[in-house]
Amino acid sequence: MRLKFLAFALALLAPAAIAPAAVKPPTLFVDERSTTVQAAEKLEGAAREDALLLARIPSATWLAYGTPEIVEAQARDVTERAAAKGQIPVLVAYNIPYRDCALYSAGGAADGVAYLAWVAGLARGVGNRQAIIVLEPDGLGVIPWHRNLAGDLEGCRPEGQDEAAAARRYDQLRGAVAILGALPRARVYLDGTGSSWLAPGEIASRLIRADVDKVAGFFLNVSNFESDARVVPYAHWVSNCIALVTQGGLDPRACPSQFSAEPFERPGNRRQIDAAYDRLFAERGLKRTPKSQKHALIDTSRNGLGSWKPPAGRYRDAEVWCNPPGRGLGRRPTLITREAYVDGFLWIKVPGESDGECLRGTAGPIDPERGVKAPAAGQWFASQARELIERAEPPLKRE
């Protein structure tokens, strides 16, 4: 059992006069005013029933727009209502400049000054109440004008910017960490991307540069579909790589990678990568200490059946992350994980909300895989919600 996080959450919930044995395990906030509830109010029939079913399961609240005053009011409202229920809210801060590199979820603050003022507003709204804060999905995976460890310039290159934009992104995240990390009862997590995206050394180097040492850890698989069998071991390796780099002086490029033993879901391949990490710890006279290393949150909102494998050769860019067909809800949200490196399995992406108008390399506007024009990012996608429920793993019972 994840004793560290459970003890933390119990300490937040338990008055000093109550013995620990009398305290119930922590529960996640179910928001009766969530965007899922709001969607249900505009739906009819089976689509409405689907939305109301999903609304009964705790999912994150995304804070993505507005002035510092607006986000302060939003954060205060959510955390106060959660505190009144004795529950823990999950807040997603999603407003960094050049968010999503001006793609489907484009937006964000005008510049670093505006962004940190917005983060300060969020912090004032949380105050001394408890919260889990997911800080900037894609914030470290999609960095404007960024060079990877191999020295290659990555694909996000917004016009009017240059390579100084990458340094500004790190400054913005470190500033946000300093503000949010000072909150007394919040736990903050940075973007750790996912197991099909970056090698452990690549993301570990970015997390370290963004001051992951000052927060609880990192989050994985947000708005994505990778199975627990992939993401959980990846969480181990990212955490271990961070420890080897920061404590053992290892060059992050030397951290063993999931790409060296594909498919790494196979037990033998996982053991091969684990053994490589064992050797690196031993060579440096270090031991794995999961209790004190950085931990992960894993988004299981849509990963019950794992990722979509598109038909070979059909699409120039299959956009496997964008409203893929035939997916299912994943593990229900919980803070009791029984995984040494995982603090929570959460529904960070709100299941039922579209990823955007997926074109898969075509001129659009129809998604050629689904045969319909998908709703804009964040809007309700009734047919996808039905798929997720019907194909949920574990199954989702209708009561």
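This structure is a prediction, so every number in the text was calculated from the model and none was measured.

1. Some points on the overall build of the protein chain
Right, so step 1: Scanning the protein chain from terminus to terminus reveals ten helices and seven strands.
Right, so step 2: Structurally, the protein chain occupies a C-alpha span of about 65 × 60 × 45 Å along its principal axes.
Right, so step 3: When burial is assessed residue by residue, the protein chain has 53% of its 399 residues classed as buried.
Right, so step 4: Counting contacts in the protein chain only where the partners sit at least 6 residues apart, residues at least 24 apart contribute 75% of the total.
Right, so step 5: When the accessible surface of the protein chain is summed, it comes to about 17100 Å², and 53% of that surface belongs to carbon and sulfur atoms.
Right, so step 6: Of the side-chain charges in the protein chain, 50 are positive and 46 negative, and the distance between the mean point of each set is 5 Å.

2. Observations concerning the nonpolar core
Right, so step 1: Among the nonpolar cores identified, the biggest contains 63 residues, and Leu 122, Leu 135, Leu 140, Leu 180, Leu 190 and Leu 207 are the most heavily contacted of them.
Right, so step 2: Beyond its immediate stretch of four places on either side in the chain, Leu 122 contacts Leu 63, Val 71, Glu 72, Ala 75, Ala 93, Ile 133 and Leu 180.
Right, so step 3: Of all hydrophobic cores here, the second largest spans 17 residues; its members include Ala 64, Val 92, Ala 216 and Val 222.

3. Some words on the environment of Arg 271
Right, so step 1: Along the chain, the position of Arg 271 falls in helix H9 (residues 267–283).
Right, so step 2: Judged by relative accessible area, which is 54%, Arg 271 ranks as exposed.
Right, so step 3: C-alpha of Arg 271 to C-alpha of Ala 261: the two residues are ten residues apart in sequence and 9.8 Å apart in space.

4. Concerning unusual backbone geometry
Right, so step 1: For the peptide bond that leads from Gly 364 to Pro 365, omega is 0 degrees, which places it in the cis range.
Right, so step 2: For Pro 365, the position within the fold is in the loop between strand S7 (342–346) and helix H10 (382–390).
Right, so step 3: Going from Glu 393 to Pro 394, the amide bond is cis rather than trans, its omega being 5 degrees.
Right, so step 4: For Pro 394, the position within the fold is in the segment after H10.
Right, so step 5: Positive phi, close to 60 degrees, is recorded for Tyr 98, a residue that is not glycine.
Right, so step 6: One non-glycine residue, Arg 338, lies in the positive phi region at around 55 degrees.
Right, so step 7: Counting through the fold element by element, Arg 338 comes out in the loop between strand S6 (295–299) and S7.
Right, so step 8: The exposure class of Arg 338 is exposed, given its relative accessible area of 60%.

5. Description of the pairing of strand S4 (residues 186–191)
In summary, the side chains of a regular strand alternate between the two faces of the sheet.
Right, so step 1: Most of S4 is tucked away: six of the six residues are buried.
Right, so step 2: Pairing geometry for strand S3 (residues 131–135) and S4, over five bridges, is parallel. Bridging across to S4, Ile 133 finds its partner in Val 188.
Right, so step 3: Note that the unit made of S3, helix H6 (residues 164–180) and S4 has a crossover that is right-handed.
Right, so step 4: In terms of strand pairing, S4 meets strand S5 (residues 217–220) through three bridges, oriented parallel. In the strand pairing of S5, Tyr 189 is matched with Gly 217.
Right, so step 5: In this fold, S4 hands off to helix H7 (residues 200–209), which returns the chain to S5; that crossover is right-handed.

6. Thoughts on the confidence of the model for the protein chain
Right, so step 1: The predicted model of the protein chain averages 93 in pLDDT, with 93% of residues at 70 or higher.
Right, so step 2: Low confidence marks residues 1–21, where pLDDT is under 50. Its contacts with residues over four positions away, or in another chain, come to 37 contacts.

7. Considerations on the state of the cysteines
Right, so step 1: A complete count under the given rule lists three disulfides for this structure.
Right, so step 2: The side chain of Cys 241 participates in a disulfide bridge whose partner is Cys 255; the two sulfur atoms lie 2.0 Å from each other. Here the disulfide of Cys 241 and Cys 255 is right-handed, its torsion about the S-S bond being about 90 degrees. Taken as a pair, Cys 241 in helix H8 (residues 228–248) and Cys 255 in the loop between H8 and H9 lie far apart in primary sequence, 14 residues in all.
Right, so step 3: Residue pairing for Cys 322: its cysteine sulfur links by disulfide to Cys 358, the two sulfurs lying 2.0 Å apart. Residues Cys 322 and Cys 358 share a disulfide whose torsion about the S-S bond is about -80 degrees; that sign makes it left-handed. Taken together, the residues Cys 322 in the loop between S6 and S7 and Cys 358 in the loop between S7 and H10 connect sequence positions 36 residues apart.

Cut-off values and rules
- Residues numbered from 1 in each chain as written.
- Predicted model: local features only at pLDDT ≥ 70, side-chain atom pairs only at ≥ 80, totals over all residues.
- Heavy atoms only, no water.
- Helix = DSSP H or I, 4+ residues; strand = E, 2+ residues; numbered from the N terminus.
- Buried < 20%, exposed > 50% of the residue type's maximum accessible area, 1.4 Å probe, protein only.
- Contact = heavy atoms within 4.5 Å.
- Areas by Shrake-Rupley, 256 points an atom, 1.4 Å probe, with all protein chains shown as cover.
- Lys, Arg positive; Asp, Glu negative; His and termini not counted.
- Charge placed at Lys NZ, Arg CZ, Asp CG, Glu CD.
- Core = buried A, V, L, I, M, F, W, Y, C linked by side-chain atoms within 4.5 Å.
- Pairing = 2+ DSSP bridges.
- Right-handed = clockwise from strand over helix to strand, strands pointing away.
- pLDDT = per-residue confidence, 0-100.
- Disulfide = S-S within 2.5 Å.

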